[in-house]
Amino acid sequence: MKKILLVCAAGMSTSLLVSRMKKHAEALNEEVDIIALPVSEAGTAASSADVVLLGPQVRYQKSQVEASAGDTPVQVIDMRDYGTMNGEAVLQKALQLMK
């Protein structure tokens, strides 16, 4: 199972995005575990994820998350996709980063 970690300021704003990503994953028959955490808790979880996606509001902490993520890819979510809660586009980006 692929593990996707979403990181935002408090872990709350991404809950709708997580739901939409899971719904799209089900439609694609992709087995994924998607969790959202605040940036303050992302350090330990980042290294065990397959990909880490940062909310645009915490993009300034990308280097900090990368340092704790090891070889795990870390990417900032496109601001438009995040703002519109486009779970399909965000999931597709995450899956591309895992290849």
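For clarity, every value in this text was computed on a predicted model and none was experimentally measured.

Procedures and definitions
- Residues numbered from 1 in each chain as written.
- Predicted model: local features only at pLDDT ≥ 70, side-chain atom pairs only at ≥ 80, totals over all residues.
- Heavy atoms only, no water.
- Helix = DSSP H or I, 4+ residues; strand = E, 2+ residues; numbered from the N terminus.
- Rg over C-alpha atoms; globule rule 2.2 N^0.38 Å.
- Buried < 20%, exposed > 50% of the residue type's maximum accessible area, 1.4 Å probe, protein only.
- Areas by Shrake-Rupley, 256 points an atom, 1.4 Å probe, with all protein chains shown as cover.
- Lys, Arg positive; Asp, Glu negative; His and termini not counted.
- Charge placed at Lys NZ, Arg CZ, Asp CG, Glu CD.
- Core = buried A, V, L, I, M, F, W, Y, C linked by side-chain atoms within 4.5 Å.
- Contact = heavy atoms within 4.5 Å.
- Pairing = 2+ DSSP bridges.
- Axes fitted to C-alpha atoms, helices over the stretch in contact; angles between N-to-C directions.
- UniProt positions renumbered as here; feature names shortened; annotations may be inferred.

## Some remarks on the overall build of the chain
Move 1: When its secondary structure is counted, the chain shows five helices and four strands.
Move 2: Relative to its length of 99 residues, the chain is compact, with a C-alpha radius of gyration of 12 Å against a globular reference of 13 Å.
Move 3: Expressed along its principal axes, the backbone C-alpha trace of the chain runs to roughly 35 × 25 × 20 Å.
Move 4: Counting across all 99 residues of the chain, residues that qualify as buried make up 43%.
Move 5: Here the chain displays about 5,400 Å² of accessible surface, and carbon together with sulfur accounts for 48% of that area.
Move 6: With 10 positive and 11 negative side-chain charges, the chain shows a spacing of 5 Å between the two charge centroids.

## Let's talk about the nonpolar core
Move 1: With 18 residues, the main nonpolar core has Ile-4, Leu-6, Leu-17, Met-21, Ile-34, Leu-53 and Ile-77 as its most contacted residues.
Move 2: Discounting chain neighbours no more than four positions away, the residues touching Ile-34 are Ile-4, Leu-6, Val-18, Met-21 and Lys-22.
Move 3: In terms of nonpolar packing, the next biggest core, distinct from the first, is built from 15 residues, Val-39, Leu-54, Val-58 and Val-74 among them.

## Structural notes on unusual backbone geometry
Move 1: Here Asn-29, not a glycine, exhibits a phi torsion of approximately 60°, which is positive.
Move 2: Take Asn-29: it is sitting in the loop between helix 1 (15-27) and strand 2 (32-38).

## Quick word on the environment of Val-32
Move 1: With respect to the helices, strands and loops of the structure, Val-32 is situated in strand 2.
Move 2: For Val-32, a relative accessible area of 14% translates into the label buried.
Move 3: Sequence-wise, Val-32 and Leu-95 are 63 residues apart; in three dimensions their C-alpha atoms are separated by 9.7 Å.
Move 4: Look past the residues within four positions of Val-32 in its chain and what remains in contact with it is Met-1, Lys-2, Ile-4 and Ala-25.

## Details of the sheet that holds strand 4 (residues 74-76)
Move 1: The strand order 2-1-3-4 describes an open sheet built from four strands, whose pairing is parallel. The strands lining the two open edges of the sheet, one partner per strand, are strand 2 and strand 4. Put simply, the sheet's adjacent strands are angled 25° from each other on average, direction ignored.
Move 2: Both strand 1 (residues 2-8) and strand 3 (residues 51-54) contribute to a ladder of four bridges, which runs parallel. The partner of Leu-6 across the bridge, within strand 3, is Leu-53.
Move 3: This element, helix 1, spans strand 1 and strand 2 of the sheet and lies at about 170° to strand 2.
Move 4: Packing against the sheet, helix 3 (residues 62-69) makes contact with strand 3 and strand 4, and its axis sits at approximately 160° to strand 4.

## A look at the UniProt feature "modified residue: Phosphocysteine" (unreviewed entry) in the chain
Move 1: UniProt feature "modified residue: Phosphocysteine" (unreviewed entry): in the numbering of this structure it lies at Cys-8.
Move 2: Leaving out residues up to four positions away in the same chain, Cys-8 has contacts with Ser-13, Thr-14, Leu-37, Pro-38, Val-39, Gln-57, Val-58 and Tyr-82.

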